[in-house]
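Survey of secondary and tertiary structure
Each chain is listed here by its residues.
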Amino acid sequence: MKLLPAHTADPHTIAASRELTVVTGEGEIRGDAAAALLLADWAVILPGSTLLIDSAEAWAGAVWRLGRGAYALALAQRTRLSAAEAVEAGLCDSLDAFQLGSRSAIALDAGANLIRSRGGDALERAEFARLFAAGIPQHGLAAFLRKQKPQF
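Conventions and cut-offs
Residues numbered from 1 in each chain as written. Predicted model: local features only at pLDDT ≥ 70, side-chain atom pairs only at ≥ 80, totals over all residues. Heavy atoms only, no water. Pairing = 2+ DSSP bridges. Helix = DSSP H or I, 4+ residues; strand = E, 2+ residues; numbered from the N terminus. Right-handed = clockwise from strand over helix to strand, strands pointing away. Buried < 20%, exposed > 50% of the residue type's maximum accessible area, 1.4 Å probe, protein only. Core = buried A, V, L, I, M, F, W, Y, C linked by side-chain atoms within 4.5 Å. Contact = heavy atoms within 4.5 Å. Axes fitted to C-alpha atoms, helices over the stretch in contact; angles between N-to-C directions. Patch = residues over 30% accessible without salt bridge, like charges linked within 9 Å, V, L, I, M, F, W, Y side chains within 5 Å. Areas by Shrake-Rupley, 256 points an atom, 1.4 Å probe, with all protein chains shown as cover. Salt bridge = Lys/Arg side-chain N within 4 Å of Asp/Glu carboxyl O. pLDDT = per-residue confidence, 0-100.

Things to note about the pairing of strand β1 (residues 2-5)
Bridging between β1 and strand β2 (residues 21-25) involves 4 bridges; their strand directions are parallel. Residue pairing in the sheet places Leu-3 in a bridge with Val-22 of β2. Considered for its hand, the β-α-β crossover made up of β1, helix α1 (residues 11-16) and β2 is right-handed.

Structure representation (structure tokens):
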């Protein structure tokens with residue numbers, strides 16, 4: 001898993017990466033920094049920040065995250081969003097750099113690897129076996145049965 005600040009991250013490297021990328025954005029995030037944030041597997045925008053979708057690369061990231069929903073942003077001319085608005089719109093995942101929600105970083109990394117590699121059933125079975133060997137699904141299920149959030 002890579003944790004990168006948006007202002008120093010290269011969007012092309014993120015798009016080509018085979019491992020889970022978590023990108024954090026702070027302050028005014030625009031251009032390549034916005035593209036890097038939007039192309040990440042997990043996009044964290046810190047409170048008080050502003051996301052500007054002001055380049056072709058940033059729009060490509062918006063389309064990557066929202067699909068046709070990015071068209072609605074373009075029609076509404078919503079190119080400047082506060083951190084809270086970016087999360088609400090689905091452009092970013094979190095306002096907290098250390099919170100992956102109740103998700104396992106190992107499971108997120110496995111998912112990113114499978115999606116990017118297009119390795120087919122054999123790779124999927126291997127990742128599934130690795131996750132079970134690490135106890136990730138069992139841990140999540142046990143927390144569910146205890147009616148608690150899992151802690152990974």
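Quick word on the pairing of β2
Counted residue by residue, β2 has 5 buried out of 5 residues, so it is predominantly covered. Burial of the side chains of β2 extends over both faces: Thr-21, Val-23 and Gly-25 are buried on one face and Val-22 and Thr-24 on the other. In this structure, β2 lies alongside strand β4 (residues 42-45), joined through 4 bridges in parallel fashion. Bridge pairing in β4 places Thr-24 opposite Val-44.

A word on the nonpolar core
Among the nonpolar cores identified, the biggest contains 25 residues, and Ile-29, Leu-37, Ile-45, Leu-51, Ile-53, Ala-86 and Leu-91 are the most heavily contacted of them. Listing elements by their share of this core, those giving two or more residues are α2 (31-39), β4, α3 (56-66), α4 (69-75) and α5 (83-89). In terms of residue count, α2 provides more of this core than any other element does, 6 residues in total. Once you skip the residues sitting within four places of it in the chain, Leu-51 turns out to touch Ile-29, Ala-34, Leu-37, Leu-38, Ile-45, Thr-79, Arg-80, Leu-81, Ala-86 and Leu-91.

Thoughts on the environment of Ile-14
Tracing the backbone shows Ile-14 in helix α1. Between the C-alpha atom of Ile-14 and that of Ala-35, which follows or precedes it by 21 residues, the distance is 9.5 Å.

Structural notes on the sheet that holds β4
The strand order across the open sheet formed by 3 strands is β1-β2-β4, and the pairing between neighbours is parallel. Two strands bound the open sheet, and with one partner strand each, they are β1 and β4. In this sheet, adjacent strand axes meet at a mean angle of 20° when their direction is disregarded. Along the sheet, α2 makes contact with β2 and β4, crossing β2 at roughly 140°.

Considerations on the environment of Gln-77
Checked against the element boundaries, Gln-77 lands in the loop between α4 and β6 (80-82). Distance in space between the C-alpha atoms of Gln-77 and Ile-53 is 9.9 Å, their sequence separation being 24 residues.

Quick notes on a nonpolar patch on the surface
On the surface, a nonpolar cluster with roughly 360 Å² of combined accessible area is contributed by Leu-141, Phe-144 and Leu-145. Position of Leu-145 among the secondary structure elements: in helix α8 (residues 136-145).

Comments concerning the sheet that holds β6
One open sheet holds the 3 strands; their spatial order is β3-β5-β6, and the pairing between them is mixed. With partners counted over all chains shown, the strands left at the sheet margins are β3 (28-29) and β6, one partner each. Here strand β5 (residues 50-52) pairs with β6 via 3 bridges, running antiparallel. Considered in β6, the bridge of Leu-51 is made with Leu-81. Contacts between α2 and the sheet are confined to β3 and β5, with β5 contributing the most and set at about 100° to the helix.

Quick notes on the confidence of the model for the chain
On average, residues of the chain score 82 in pLDDT, and 82% of them are at 70 or above. When pLDDT is averaged over each helix and strand of the chain, the minimum, 67, is found for helix α6 (residues 105-117) and the maximum, 97, for β3.

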